[in-house]
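Coordinate inspection notes
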Amino acid sequence: MKRFPAELEGMLSPRGRKVLAGTDRACGVLAAGLRFVGAADLLDAGQSRAALALLGRTMPDVLTAMDVPIPPSAMTGMKRNYSERLPKTVRVRTAEMASARSRGSIRAGEIGLTAMLRSDSFHALAEALSGYRLRQKRGTQVLCYHANDYSGPHNDHHPEEPDARAGYVDLHLTFCNEAVEHQWIVYEHGGHLGQVQSIATLGGVSCYRLPLWHYTTPLAAKPGRAQDARRWVLLGTFLDQPSVAEGTAQ
Ligand SMILES: [Fe+2]
């Protein structure tokens, strides 16, 4: 693969196409009440291997480190027992795509990644899995986890943004290489961080209804493979169509 297909549809497995057609059991599960759904078999296995290789060949030099550790004051500044507060912590690499002229945006454009993330079928898959009517306009991001990279507990709530504060949808495509042993998403259910699912997939698709408390465990490499382990995430963030934001989810 020299370029991503222009439409995500070109990467889908037979089951992925069933989801797109609205006839798979995973369709609409977020609108029905789940907050997270993940499936490892919606993308074609060969296309997923090719996508992993393409990302590994073309994107590493445009990644920048996102490194937000626990501030020492979160502990040293405590005055009372049991009063700890953990701010959002994260360590991951990201392709800077905020500006169209950034190196990440230019490279993503060159390999067809931008077009694929903005394709109609990427949006259609987010709508089909989530069951929400979503705006076409979306945010996109490329993340790359190396060994021991993680994302600490956070909820992705944006109370200052009227269009996002009632809820929105993220769609993630995951491409792990063979040096990855495991990585998990832990998320809230019934007030506890009690749900866990593997996200160490090659060609996995996951869909979230945010805001939602969750964290991503440190990426564990196989023995002796810490230098090589990579997990790529291609993601889109979709706001609800205005009618849905007003409370008529369908
Ligand atoms: Fe998150």
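For the structure itself, consult the block above.
One structure accompanies this document, and this report is about it. No experiment lies behind these values; they were computed from the predicted model shown.

This part takes up the overall build of the protein chain. Each helix and strand counted, the protein chain has 7 helices and 13 strands in total. Relative to the globule expectation of 18 Å for 250 residues, the C-alpha radius of gyration of the protein chain, 18 Å, shows essentially globular dimensions. C-alpha extents for the protein chain along the principal axes are approximately 55 × 50 × 35 Å. Of all 250 residues assigned to the protein chain, the portion counted as buried reaches 36%.

Now for the nonpolar core. In terms of nonpolar packing, the biggest core is built from 54 residues, with Val19, Leu125, Ala126, Leu129, Val169 and Cys207 touching the most fellow members. Ignoring anything within four residues of it in the chain, the contact list for Val19 reads Asp24, Ala26, Cys27, Leu42, Leu125, Ala128 and Leu129.

Most of strand β6 (residues 168-176) sits out of view: 8 of its 9 residues are buried. For β6 and strand β10 (residues 202-210), the ladder comprises 8 bridges, and the chain directions are antiparallel. Across the sheet, residue Leu171 finds its bridge partner in β10, namely Cys207.

Once that is clear, we can look at helix α2 (residues 45-58). A rise of 1.5 Å per residue sets the reference length of α2, with its 14 residues, at 20 Å; its end C-alpha atoms lie 20 Å apart and thus fit the reference within 8%. Structurally, α2 contributes buried residues whose contacts are with β6, β10 and β13 (231-240).

All right, on to helix α6 (residues 120-130) then. Most of α6 is tucked away, with 9 of its 11 residues classed as buried. Within the span of α6, buried status applies to Ser121, Phe122, His123, Leu125, Ala126, Glu127, Ala128, Leu129 and Ser130. Two residues or fewer past α6, Gly131 is found with a positive phi of approximately 85°.

This brings us to the environment of Ala108. If you trace the backbone, Ala108 turns up in helix α4 (residues 103-110). Residues Ala108 and Ala95, spaced 13 residues apart in sequence, show a C-alpha to C-alpha distance of 8.6 Å. Not counting chain neighbours up to four residues away, the residues in contact with Ala108 comprise Ala95, Met97, Leu113, Thr114 and Val142.

About the criteria used
Residues numbered from 1 in each chain as written. Predicted model: local features only at pLDDT ≥ 70, side-chain atom pairs only at ≥ 80, totals over all residues. Helix = DSSP H or I, 4+ residues; strand = E, 2+ residues; numbered from the N terminus. Rg over C-alpha atoms; globule rule 2.2 N^0.38 Å. Buried ≥ 20, exposed ≤ 12 C-beta atoms within 10 Å, placed from the backbone. Core = buried A, V, L, I, M, F, W, Y, C linked by C-beta atoms within 7 Å. Contact = placed C-beta atoms within 7 Å. Pairing = 2+ DSSP bridges. Expected span 1.5 Å × (residues − 1).

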